[in-house]
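If you want the building blocks of each chain, they are given just below.
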Amino acid sequence: MVTAGKAIESDKFHEQYRQALVEDFQAIKEMAHAFGAYATYLSGAGPTVMILVPKERLVPLQKALLSSAFKGEVTPLEVDTAGIVVA
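Residues numbered from 1 in each chain as written. Predicted model: local features only at pLDDT ≥ 70, side-chain atom pairs only at ≥ 80, totals over all residues. Heavy atoms only, no water.

### Topic: the overall build of the protein chain
Broken down by element type, the protein chain carries 4 helices and 2 strands. Helices (α) and strands (β) of the protein chain occur, in sequence order from the N terminus, as α-α-α-β-β-α. Residues counted as buried form 21% of the 87 residues belonging to the protein chain. Nonlocal contacts in the protein chain, meaning residues at least 24 apart in sequence, comprise 44% of its contacts between residues at least 6 apart. For the protein chain, the exposed surface amounts to about 6400 Å²; the carbon and sulfur share of it is 59%. (Helix = DSSP H or I, 4+ residues; strand = E, 2+ residues; numbered from the N terminus. Buried < 20%, exposed > 50% of the residue type's maximum accessible area, 1.4 Å probe, protein only. Contact = heavy atoms within 4.5 Å. Areas by Shrake-Rupley, 256 points an atom, 1.4 Å probe, with all protein chains shown as cover.)

Shown next as structure tokens:
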């Protein structure tokens, strides 16, 4: 996951130009990394900020984000490990 995180954050095509449009992106990214996140990135065109973090660090990071002055919502998601199933 560490290698994937580095690859995600090394985007040179568009995120470096769009991240300035999301007011708190850099501060969120720094906080996420302080909690051991693998990667923080903009989802699609933004303004959704995605954070990949080890499951055991999710709750502390979530509490820190919610107690900060950031605007927005925090919605924990889980990775779908089953994929598409056709019945």
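### Structural notes on the environment of Ser-67
With respect to the helices and strands, Ser-67 occurs in helix α4 (residues 58-67). For Ser-67, a relative accessible area of 63% translates into the label exposed. One polar contact links the side chain of Ser-67 to the main-chain carbonyl oxygen of Ala-64, over a distance of 3.2 Å. (Polar contact = N/O pair within 3.5 Å; in protein donor to acceptor, adjacent residues only side chain to side chain.)

### Regarding α4
By the burial criterion, the buried members of α4 are Leu-61, Ala-64 and Leu-65. An end-on view of α4 places all buried positions within 100° of arc, on one side of the element. Exposed residues on α4 whose side chains face more than 90 degrees from its buried face are Lys-63, Leu-66 and Ser-67. Tucked inside the fold, the buried residues of α4 contact α3 (25-34) and β2 (49-52). (Arc of directions from axis to C-beta.)

### Remarks on the pattern of salt bridges
Scanning the model with the defined rule gives 2 salt bridges in all. A salt bridge links Lys-71 to Glu-23; the shortest N-O distance between them is 3.9 Å. Of this pair, Lys-71 sits in the segment after α4 while Glu-23 sits in the loop between α2 (15-18) and α3, and the two are 48 residues apart along the sequence. A relative accessible area of 70% means that Lys-71 is categorised as exposed. Looking at Glu-23, the relative accessible area reads 65%, which means it is exposed. Glu-78 is the partner of Lys-55 in a salt bridge, and the nearest nitrogen-oxygen pair spans 3.5 Å. (Salt bridge = Lys/Arg side-chain N within 4 Å of Asp/Glu carboxyl O.)

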